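# Structure at a glance
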Amino acid sequence: MRYESTRGQAGNRSFSDVLLDGMASDGGLYVPVELPLLSEATLRGFADKPFVEVATGVMWPFVAPEFEPDEFAELVAHSYEGFDHPDVAPLRVLDPGRGEWLLELFWGPTLAFKDVALQLLGNLFERELVKRSRAVTIIGATSGDTGSAAIEAVRGREGIQLFMLHPRGRVSEIQRLQMTTADDSNIHNVAIEGTFDDCQDLVKAMFADNGFRERHALSAVNSINWARVMAQTVYYVTAAVRLGGGSSQVAFSVPTGNFGNIYAGHVAREMGVPISQLILATNVNDILSRAFDTGSLQIEAVTHSTSPAMDIQVSSNFERLLFELYGRDGTMLAALMDRFRLLGHVELTEPVLEAFQELFDADSLDDDGTRRVIRSVYEQSGIVVDPHTAVGLGVGRSLRADPDVPLVMLACAHPAKFPETVEAALGERPIEPTRISALAGLPERFETLPNDLEAVKAFIHERAASSEL
Ligand SMILES: *Cc1c(COP(=O)(O)O)cnc(C)c1O
């Protein structure tokens, strides 16, 4: 498999190049030159197979020939050993009468779906670095869930230093504890005196400094990394074959922020998985559902909501879909993205908008609606869902096209990660799993730094140098 950039200037790369680079040097995102296809017979064969076996089969064409088959199968199996459910991504009946299902993606170490991809990425990174006798410095910014999942994925690993920036005082207590109680010497948490956008700008500025980037071999594990999309296609396959046997249609509703998760569903469908509907659900930060209605992709200020992992205006992975819809013309897409960055808005052409509307359905749900869904689901089925899942559920129910096709709602986080919102909706807090209660009272380690590029660079330089000794 070879990979090209959505901006046309960084082509013909291997899987491991794409994995370690994270982002293409022309500012674009990597995509496979051509998607592998899953035949109906292959899909039928997956129907009664365990998650790890399906995962290995689905991902193999993307990573070949960089790994030996046995080596890759072993890495995949090892990645999901730490999950608390034997099915890794179990399906749970939500409403049997209406054919509604929850796809629970929160059984990994940090209780959100980010673990499904990042646990694998940690193993892939380590294997590749050992092969190349190389070391990397991963830097990232987080508003909560990505940081802890990345830390769990790489803590204690050889050849990797991780610097994770979070906005001081603006992540939830559980999210902070999940990050700052990691006591491994390769994990460096930095609380920035600023907002999440400030953190993200600092990270981008460090990547844009070529001298700094090369000196520290910077790398990224956020959702622009193709390997994350690849790993997320797997649970669309397992859910579809479990409910439809590989030949009948299944619909999915996906709470969306950076467009990574739902884009993986689109990739699965392009590979041949029978998916009748992909429903894109946003919170009040609804740039994607507005673009879906009007054809105008327009940035507005980020609004704080009860589903913070979706409080985002520039959905990075949308570029991958646009690349496809603009006929894989990297030059044209580079110009379009430059215009978008410069002006803060861009108009999709009529055929591109029609194709977007053909492939997806989309709508948004505000915080009041989110609390109402949490309440009604609990009253109907006794199940407590987290606020992100509730957004997908509310929008999914209203946009469902065919009541005879099973509808799968992606359950992206454990409700105990967002106890305040659940309490506001139900009058009581969700039960705390031990993965959360065990964090109380543990010592925390983090460095507070001003929102200042030179200060952050100096800190990384100093820490990276002392850990090389
Ligand atoms: C990251 C996240 C999302 C958004 O997923 P994208 O891939 O960014 O669209 C939704 N819900 C939860 C709980 C998340 O952690």
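Now for a look at the structure at hand. These numbers were taken from a predicted model, which means no experiment stands behind them.

Parameters at a glance
- Residues numbered from 1 in each chain as written.
- Predicted model: local features only at pLDDT ≥ 70, side-chain atom pairs only at ≥ 80, totals over all residues.
- Heavy atoms only, no water.
- Near = heavy atom within 4 Å.
- Polar contact = N/O pair within 3.5 Å; in protein donor to acceptor, adjacent residues only side chain to side chain.
- Nonpolar A, V, L, I, M, F, W, Y, C, P; charged D, E, K, R; others polar.
- Axes fitted to C-alpha atoms, helices over the stretch in contact; angles between N-to-C directions.
- Helix = DSSP H or I, 4+ residues; strand = E, 2+ residues; numbered from the N terminus.
- Parallel < 35°, antiparallel > 145°, perpendicular 65-115°, else oblique.
- Left-handed = near helix turned anticlockwise from the far one by under 90°.
- Contact = heavy atoms within 4.5 Å.
- Phe/Tyr/Trp six-rings, centres within 6.5 Å; stacked < 30°, edge-to-face > 60°.
- Buried < 20%, exposed > 50% of the residue type's maximum accessible area, 1.4 Å probe, protein only.
- Lys NZ or Arg CZ within 6 Å of the ring centre and 35° of its normal.
- Pairing = 2+ DSSP bridges.
- Right-handed = clockwise from strand over helix to strand, strands pointing away.

### Digging into the site of the ligand
Contacts to the ligand come from 15 residues, most closely from K114, D145, G257, N258 and N261. Contact distances for the ligand include 2.6 Å between an oxygen atom and a side-chain N or O atom of K114. Contact between the ligand and G257: an oxygen atom at 2.8 Å from a main-chain N or O atom of the residue. Partitioning the shell around the ligand into residue classes produces seven nonpolar, six polar and two charged.

### Digging into the packing of helix α13 (residues 318-325) against helix α14 (residues 330-343)
At a minimum axis distance of 9 Å, the contact between α13 and α14 shows a crossing angle of 135°. Relative to α14, the element α13 is oriented oblique. Between α13 and α14 lies a crossing whose hand is right-handed. Where α13 approaches α14, its residues E319, L322 and F323 are matched on the opposing element by G330, L333, L336 and M337. Here the contact of α13 with α14 is composed, by residue class, of five nonpolar, one polar and one charged.

### Some points on the packing of aromatic side chains
This structure, assessed with the given rule, holds 18 aromatic pairs. Residues F51 and Y80 carry aromatic rings whose centres are separated by 5.2 Å and whose planes lie at 80° to one another, so their mutual orientation is edge-to-face. With F51 in helix α3 (residues 51-63) and Y80 in the loop between α4 (69-79) and β3 (91-95), this residue pair connects regions lying 29 residues apart in the sequence. Each member of the pair, F51 together with Y80, is buried. Between the aromatic rings of F259 and F318, the centroid separation amounts to 5.1 Å while the plane-to-plane angle is 90°, which identifies the pairing as edge-to-face. One end of the pair, F259, is in the loop between β9 (250-255) and α11 (260-270); the other, F318, is in helix α13, and 59 residues separate them in sequence. Like F259, the residue F318 is buried in the burial classification. An aromatic cluster is built from Y3, F15, W60, F62, F67, F72 and W226, whose rings are joined through pairwise contacts. Lying over the aromatic face of F67, K131 brings its terminal NZ or CZ to 4.6 Å of the ring centre.

### Things to note about the packing of α13 against helix α15 (residues 350-359)
Packing of α13 against α15 leaves a shortest axis separation of 10 Å and a crossing angle of 115°. Of the two possible hands of crossing, α13 and α15 adopt the one that is right-handed. Counted together, F318, L321, L322 and L325 of α13 and V352, A355, F356 and L359 of α15 form the full contact between these two elements. Within the contact of α13 with α15, the residues separate by chemical class into eight nonpolar, no polar and no charged.

### Remarks on the sheet that holds strand β15 (residues 447-450)
With parallel pairing, five strands are arranged side by side in an open sheet as β8-β5-β6-β7-β15. Looking at strand neighbours, the two that pair on one side only are β8 (218-219) and β15, the edges of this open sheet. Pairing of strand β5 (residues 136-141) with strand β6 (residues 160-167) involves six bridges; the strand directions are parallel. What sits directly across from V136, in β6, is I160. In the packing of helix α6 (residues 145-154) onto the sheet, contacts are made with β5, β6 and β7 (187-193), and the angle to β6 comes to roughly 165°. Each of β6 and β7 is contacted by helix α7 (residues 173-180), which is oriented at about 160° to β6, the strand it contacts most.

### A look at the pairing of strand β10 (residues 275-282)
Most of β10 sits inside the fold, with seven of its eight residues counted as buried. As judged from the six bridges shared by β9 and β10, these two strands associate in the parallel manner. From the neighbouring strand, V254 faces β10, where its bridge partner is L280. Remark: the β9/α11/β10 crossover connection has right-handed handedness. Two strands pair when backbone bridges link them, and β10 and strand β13 (residues 361-364) are joined in this way by four bridges, in the parallel orientation. Paired with T282 across the two strands is S364, which belongs to β13.

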